[in-house]
Amino acid sequence: MSDSWFKADVSFFCPNCQKVSVEQIIAAADKHNPDAVARAVREAISPLTCQWCKKVAPEGIKVQLGMNDFTPEELAKVKFIKGPSIKPS
Ligand SMILES: [Zn+2]
C-alpha cells in the first residue's frame, strides 16, 4: 500500500492588508481521496492566518483550495522525512 500525496494551495484575499495570502500544505493520505484530504487541510489551516500580516482572517472568508497531486519526484525535492525507517536488526 502506498501513500497518496497532495499539495494543497490555500489562498484567500486578506481584508487587513489587501493582499492575497497563499499557503502551501503538503498532505499525505493512505488512499487517493482528495475530498477527505481537502477537509483535513481546511481543519489544519484553521484559524486561517494571513501569510503577510499574520492576522487571523475573519470568519466565513472565501478560501480557495487548490488540490494537486504531489508526485514522488516533487517529494524528493522537498526533503520531507516521513518518520525514521530503521530496519530491525
Ligand atoms: Zn494580511
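Each chain carries its own residue numbering, running from 1 in the written order of its sequence. Under the rules for a predicted model, residues below a pLDDT of 70 receive no local features and side-chain atom pairs below 80 are neither given nor counted, while totals for whole chains, interfaces and linings still include all residues.

Chemist: Teacher, can you tell me more about the sheet that holds strand E3 (residues 64-69) here?
Modeler: Working definition: the strands of a sheet are paired by backbone hydrogen bonds and lie parallel or antiparallel to each other. Spatial strand order, E2-E1-E3: three strands in an open sheet with antiparallel pairing. Where the open sheet ends on each side, the last strands, each with one partner, are strand E2 (20-29) and E3. Between one strand axis and the next, the sheet turns through 20 degrees on average, direction left out of account. Sheet topology places strand E1 (residues 4-13) next to E3; six bridges connect them, and they run antiparallel. Across the sheet, the residue bridging to Ser11 is Gln64, located in E3. Strands in contact with helix H1 (residues 34-44) are E1, E2 and E3; relative to E2, the strand with the most contacts, it is inclined by about 125 degrees. When DSSP finds two or more bridges between a pair of strands, those strands are recorded as paired. Helix and strand assignments come from DSSP, with helices taken as H or I runs of at least 4 residues and strands as E runs of at least 2, each series counted from the N terminus. To obtain each axis, a line is fitted to C-alpha atoms, and for helices this fit is confined to the stretch in contact; angles are then taken between N-to-C directions over 0 to 180 degrees. The contact criterion used is a C-beta to C-beta distance within 7 Å, with each C-beta placed from the backbone.

Chemist: Sorry if this is basic, but what is going on with the nonpolar core here?
Modeler: One recurring pattern in soluble globular proteins: nonpolar side chains tend to sit buried together. The biggest cluster of nonpolar side chains holds five residues, and these are Trp5, Phe6, Ala8, Val37 and Val41. Counting only elements with at least two residues in this core, the list comes to E1 and H1. Looking at this core element by element, the count peaks at three residues for E1. Dropping the residues within four chain positions of it, Val37 is found in contact with Phe6, Ala27, Ala29 and Met67. In this usage, the nonpolar core is the set of buried Ala, Val, Leu, Ile, Met, Phe, Trp, Tyr and Cys residues whose C-beta atoms join them within 7 Å. Neighbour density around each residue's C-beta defines its exposure: 20 or more other C-beta atoms within 10 Å make it buried, 12 or fewer make it exposed, and counts between make it partly exposed, where C-beta atoms are placed from the backbone.

Chemist: Just to check I follow, could you spell out unusual backbone geometry for this structure?
Modeler: Apart from glycine, the bulk of residues carry a negative phi angle, and the bulk of peptide bonds sit in the trans form. Residue Ser46 is joined to Pro47 through a cis peptide bond whose omega torsion reads 0 degrees. Along the chain, Pro47 turns up in the loop between H1 and E3. You will see that Gln18, though not glycine, has its phi angle at about 60 degrees, which is positive. Of note, Gln18 is situated in the loop between E1 and E2. With 9 C-beta atoms packed within 10 Å, Gln18 lands in the exposed category. In this structure, Lys54 is a non-glycine residue whose phi angle is positive, near 65 degrees. For Lys54, the position within the fold is in the loop between H1 and E3. Judged by the 11 C-beta atoms lying within 10 Å of it, Lys54 falls in the exposed class.

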